[in-house]
Amino acid sequence: MTIWYVDKAAAPGGDGLSPATAFQYISDAVYDAGAGVGDIINIAAGTYSDQLPVPSDQLQMSNIDSRSFVGSGMDSTIISVTGNAMEFLVNSDGNSFSDMTIRGTSKAVYMNSSGSNSFNRVKFLASTSAGIAVDLFVASGNVFTSCEFEGIGTAKIGVSLGRFCQNNIINRCILRNWSEAAVHFAGQAGGPCNFNHVLSCWIYDNTIGIKAGPQSYSQNRVAGCVLFNNNTVVRHDMAGGLPNYGIQIHNNIVQDWGDVVYNIASFETTFFSDYSM
């Protein structure tokens, strides 16, 4: 195991092996130095907008496995990029991120064909009208703990779970100020999202708290959450003819269960042991 150091204020030409000789860019550790499985990348306070050898600015993770990225604090280490800040493409699994902010004008994180990544004490920001903080697509087993998902202006969705998203966990997080929905169980025909869990979260100041559909989703769970100041608490929009095996919504504290919309003829959703404020 090697510990690498990144510091925006470092002098150029460092080897990344000590704080005094830190790299200036995260990509120097990931790509140029070739940080390996089990390596730790310590990222000092500062704002990082890495220009990588790819056709955009994002920190692109392709076949990057089991690295640990450790920031200096949620509001101290900031990855801020126009477009998608971080992309996980093709089998980038088992990585961990902690104590930082990831901000993209379009998406903070886009994950495709990757899984079992963990995020702890990470703030995700998106700021355009189509912005999504975390967009998961063919992504399973990812865990978000003590994170914040915050929309800036008219940003669209906090967490979107698309095709073949399974067993992802959002735990003890804050999701707020999203113009469409805080959490969207989207799925896709032929590729449902299922067995995902939203647990012990605060979900507030959103147009919709929990949205499901219009594609296939099943057996997802929202439990132990506090939902308030959402224009609509739960909304189902299911396309005709697609399977829907519902969402379990239970043991939550909810401001107003009157704001529940079912835009489908039939659904299977269970509400039990919920408390109204």
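This one's a predicted model, so the numbers in the text were calculated from it and none came from an experiment.

Topic: the overall build of the protein chain
(1) Moving on: In terms of regular secondary structure, the protein chain is built from 1 helix and 29 strands.
(2) Moving on: Partitioning the intrachain contacts of the protein chain with sequence separation of at least 6 by distance along the chain shows that 68% fall at a separation of at least 24.
(3) Moving on: Counting only carbon and sulfur atoms, one obtains 51% of the accessible surface of the protein chain, whose full area is about 10700 Å².

So, the packing of aromatic side chains
(1) Moving on: Applying the stated criterion across every chain yields a total of 12 aromatic pairs.
(2) Moving on: Ring centres 5.8 Å apart and planes at 70° place the aromatic pair phenylalanine 124 and phenylalanine 144 in the edge-to-face group. Of this pair, phenylalanine 124 sits in strand β10 (residues 118-126) while phenylalanine 144 is found in strand β12 (residues 143-145), placing the two residues 20 residues apart along the sequence. This pair shows no difference in class: phenylalanine 124 is buried, exactly as phenylalanine 144 is.
(3) Moving on: In this structure an aromatic cluster arises from ring pairing among Phe69, Phe88, Phe97, Phe119, Phe124, Phe144 and Phe149.

Focus on unusual backbone geometry
For residues other than glycine, phi is negative in most cases, and the peptide bonds are mostly trans.
(1) Moving on: Not every positive phi belongs to a glycine, and aspartate 99 is a case in point at roughly 60°.
(2) Moving on: Relative to the helices and strands, aspartate 99 resides in strand β8 (residues 96-104).
(3) Moving on: Classification of aspartate 99 by relative accessible area gives buried; the value is 18%.
(4) Moving on: Phi at asparagine 251 takes a positive value of approximately 55°, unusual for a residue other than glycine.
(5) Moving on: If you trace the backbone, asparagine 251 turns up in the loop between β25 (244-250) and β26 (253-254).

Topic: the pairing of strand β6 (residues 77-81)
(1) Moving on: Burial of the side chains of β6 is restricted to one face: Thr77, Ile79 and Val81 are buried, whereas none of Ile78 and Ser80 on the reverse face is.
(2) Moving on: As paired elements, strand β3 (residues 46-48) and β6 share 3 bridges and run parallel to each other. Within β6, the position partnered with threonine 47 by the bridge is isoleucine 78.
(3) Moving on: Where β6 lies against β8, 4 bridges are found, and the strand directions are parallel. Across the sheet, the residue bridging to valine 81 is glycine 104, located in β8.

Looking at the pattern of salt bridges
(1) Moving on: For the coordinates displayed, the defined rule picks out 7 salt bridges.
(2) Moving on: Note that aspartate 135 and lysine 107 form a salt bridge whose closest N and O atoms lie 2.6 Å from each other. Within this pair, whereas aspartate 135 is found in strand β11 (residues 132-140), its partner lysine 107 is found in strand β9 (residues 107-115), the two being separated by 28 residues in sequence.
(3) Moving on: Note that lysine 211 is salt-bridged to glutamate 180, the shortest N-O span being 3.0 Å. One end of the pair, lysine 211, is in strand β21 (residues 208-212); the other, glutamate 180, is in the loop between β16 (174-176) and β17 (181-185), with 31 residues separating them in the sequence.
(4) Moving on: With a relative accessible area of 13%, lysine 211 lands in the buried category.

Examining the side chain of lysine 107
(1) Moving on: Relative accessible area serves as the criterion here: at 17%, lysine 107 is assigned to the buried category.
(2) Moving on: Within the local environment of lysine 107, its side chain forms a polar contact with the side chain of aspartate 135, the two groups lying 2.6 Å apart.
(3) Moving on: What lysine 107 contacts, discounting residues up to four positions off in sequence, is Gly83, Asn84, Ala85, Ile132, Ala133 and Asp135.

Structural notes on the state of the cysteines
(1) Moving on: Evaluation of the coordinates by the stated rule reveals 0 disulfides.
(2) Moving on: The cysteine cysteine 173 is free of any disulfide, with cysteine 147 supplying the nearest cysteine sulfur at 4.6 Å.
(3) Moving on: Cysteine cysteine 193 is unpaired, with the sulfur of cysteine 165 as its nearest cysteine sulfur at 6.6 Å.

A few points about the confidence of the model for the protein chain
(1) Moving on: Chain-level statistics for the protein chain give a pLDDT mean of 84 and a share of 84% at 70 or above.
(2) Moving on: For the stretch residues 262-268, pLDDT sits under 50, and the model shows 17 contacts to residues farther than four places along the chain or on other chains.

A short note on the environment of methionine 74
(1) Moving on: Take methionine 74: it is sitting in the loop between β5 (68-70) and β6.
(2) Moving on: Residue methionine 74 is classed as buried on the basis of its relative accessible area of 17%.
(3) Moving on: Along the sequence, methionine 74 and asparagine 120 sit 46 residues apart, while their C-alpha atoms lie 9.5 Å from each other.
(4) Moving on: Ignoring any residue separated from it by four or fewer positions in sequence, one finds methionine 74 in contact with Asp99, Met100, Thr101, Arg121, Val122, Lys123, Ser146 and Glu148.

The rules we used
Residues numbered from 1 in each chain as written. Predicted model: local features only at pLDDT ≥ 70, side-chain atom pairs only at ≥ 80, totals over all residues. Heavy atoms only, no water. Helix = DSSP H or I, 4+ residues; strand = E, 2+ residues; numbered from the N terminus. Contact = heavy atoms within 4.5 Å. Areas by Shrake-Rupley, 256 points an atom, 1.4 Å probe, with all protein chains shown as cover. Phe/Tyr/Trp six-rings, centres within 6.5 Å; stacked < 30°, edge-to-face > 60°. Buried < 20%, exposed > 50% of the residue type's maximum accessible area, 1.4 Å probe, protein only. Pairing = 2+ DSSP bridges. Salt bridge = Lys/Arg side-chain N within 4 Å of Asp/Glu carboxyl O. Polar contact = N/O pair within 3.5 Å; in protein donor to acceptor, adjacent residues only side chain to side chain. Disulfide = S-S within 2.5 Å. pLDDT = per-residue confidence, 0-100.

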